[in-house]
Amino acid sequence: AQSVTQLDSHVSVSEGTPVLLRCNYSSSYSPSLFWYVQHPNKGLQLLLKYTSAATLVKGINGFEAEFKKSETSFHLTKPSAHMSDAAEYFCVVSDGNYQLIWGAGTKLIIKP
Amino acid sequence: DAGITQSPRHKVTETGTPVTLRCHQTENHRYMYWYRQDPGHGLRLIHYSYGVKDTDKGEVSDGYSVSRSKTEDFLLTLESATSSQTSVYFCSGGAGGDTDTQYFGPGTRLTVL
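In this text, all values refer to a predicted model and were calculated from it rather than measured experimentally.

A. A look at the interface of chain B and chain A. Between chain B and chain A, the contact holds 22 residues from the first and 21 residues from the second. Between chain B and chain A lies a buried interface of about 1700 Å² when both sides are counted; carbon and sulfur atoms form 52% of it. Between chain B and chain A we count zero salt bridges in total. At the junction of chain B and chain A, the tally comes to four residue pairs in polar contact (both at pLDDT 80 or more). Of all the secondary-structure elements, those providing two or more residues to the side of chain B that touches chain A are β4 (31-38) and β5 (42-51) of chain B. Each residue belonging to the side of chain B that touches chain A can be placed in one class, and the counts come to nine nonpolar, ten polar and three charged.

So, in structure tokens, the structure goes:
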């Protein structure tokens, strides 16, 4: 069965410093992986997705994620945080049956 | 995504009453999904639809039913609401498939007293 673990419930960084949100997955086959973002009191939006093409995936707003099969990880990074990045981020894996398995989420806090 | 709307956006109801939440899409998505979001759990799939009148259960389907009589509308019904169903409900749509992007509505905050 597929599962996903987001290793931090909250991450706090200063504006202008790098962001790292960690995600590990478990899958019995080569999965599709996604990062979605949810800004306060808003719906969810796709940041980026991995679908077995390039292992380094670039998304919107300067975010990127690297698929590492040997480590079963799909960490999300951004070189320089902006105040507008404050949101909750979800790592998601497909279950092979057109359904998505969601991580519990990581709240990103940006300090001025 | 402006192509998916949900109504109502907020609802307060009493335990034991029926509740229907509506999801409407204008993007011709074949697949539609209902999730609930609770603190510490991310999103959990309640039911999904893969076409008109074609639906299936998700991870947390007990106490919920759905209907899809036309492509545009996907209804979620709580036959007899309980306090454990207090949550934020999200509807999404997409083409279907393991690499599919899902597009989400703005959510409905439901409180069951």
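B. Spatial organisation of the sheet that holds strand β1 (residues 4-7) of chain B. Residues and elements named next belong to chain B. An order of β1-β3-β8-β7 is seen for the four strands of this open sheet, with the pairing classed as antiparallel. Of all the strands in the sheet, just β1 and β7 (64-70) have a single pairing partner and so form its edges. Direction aside, neighbouring strands of the sheet carry axes that sit 20° apart on average. In terms of strand pairing, β7 meets strand β8 (residues 73-78) through five bridges, oriented antiparallel. Bridge pairing in β8 links S67 to L75.

C. Quick peek at the packing of aromatic side chains. One pass over the structure, following the stated rule, counts 16 aromatic pairs over all chains. With 5.6 Å between their ring centres and 80° between their planes, A:Y36 and B:F104 make a pair best called edge-to-face. In this pair, A:Y36 sits in strand β5 (residues 33-38) while B:F104 sits in strand β10 (residues 103-104), so the two residues belong to two different chains. What makes A:Y36 buried here is its relative accessible area of 0%. When the centroid spacing of 5.5 Å and the interplanar angle of 45° are considered together, the rings of A:F63 and A:Y89 count as tilted. Taken together, the residues A:F63 in the loop between β7 (56-58) and β8 (64-68) and A:Y89 in strand β10 (residues 87-94) connect sequence positions 26 residues apart.

D. How the structure looks around the state of the cysteines. Residue and element names in this part refer to chain B. Within the structure shown, the criterion is met by two disulfides over all chains. Each sulfur in the disulfide pair C23 and C91 lies 1.9 Å from the other. The chirality of the disulfide connecting C23 with C91 is left-handed, given an S-S dihedral of about -70°. Taken as a pair, C23 in strand β3 (residues 19-25) and C91 in strand β9 (residues 87-94) lie far apart in primary sequence, 68 residues in all. In this structure C23 comes out as buried when scored by relative accessible area, which is 0%.

What counts and what doesn't
Within each chain, residue numbers correspond to sequence positions counted from 1 in written order. Each chain gets a letter, beginning with A, and each ligand a number, beginning with 1, in the order they are written. Local features in this predicted model are restricted to residues of pLDDT 70 or higher, and side-chain atom pairs are both shown and tallied only at a pLDDT of 80 or more, whereas totals for entire chains, interfaces and linings draw on every residue. Excluded from the side-chain calculations are hydrogens and water; all other atoms, namely the structure's heavy atoms, are used. Any two residues whose heavy atoms approach within 4.5 Å at even a single point are treated as in contact. Note: buried area is the sum, over both parts, of the accessible area (probe 1.4 Å) each one loses when the two are combined. Counted as salt bridges are all cases of a side-chain nitrogen of Lys or Arg within 4 Å of a carboxyl oxygen of Asp or Glu. Under this definition, polar contacts are N or O atom pairs within 3.5 Å; protein pairs additionally need one hydrogen-donor-capable and one acceptor-capable atom, and for neighbouring residues in sequence, both atoms have to be side-chain atoms. Secondary structure elements follow DSSP: runs of H or I no shorter than four residues count as helices, runs of E no shorter than two count as strands, and numbering proceeds from the N terminus. Put simply, Ala, Val, Leu, Ile, Met, Phe, Trp, Tyr, Cys and Pro go in the nonpolar bin, Asp, Glu, Lys and Arg in the charged bin, and everything else, Gly too, in the polar bin. A pair of strands is labelled paired if DSSP reports no fewer than 2 bridges between them. Axis definition: a line fitted to C-alpha atoms, limited for helices to the stretch in contact. Angles are taken between N-to-C directions and run from 0 to 180 degrees. We call Phe, Tyr and Trp rings a pair once their centres come within 6.5 Å, taking the six-membered ring for Trp, and we label the pair stacked below 30 degrees between planes, edge-to-face above 60, and tilted otherwise. Buried residues are those whose accessible area, probed at 1.4 Å on protein chains only, stays under 20% of the maximum for their type, while exposed residues exceed 50% and partly exposed ones sit between those limits. Any two cysteine sulfur atoms lying within 2.5 Å of each other are counted as a disulfide.

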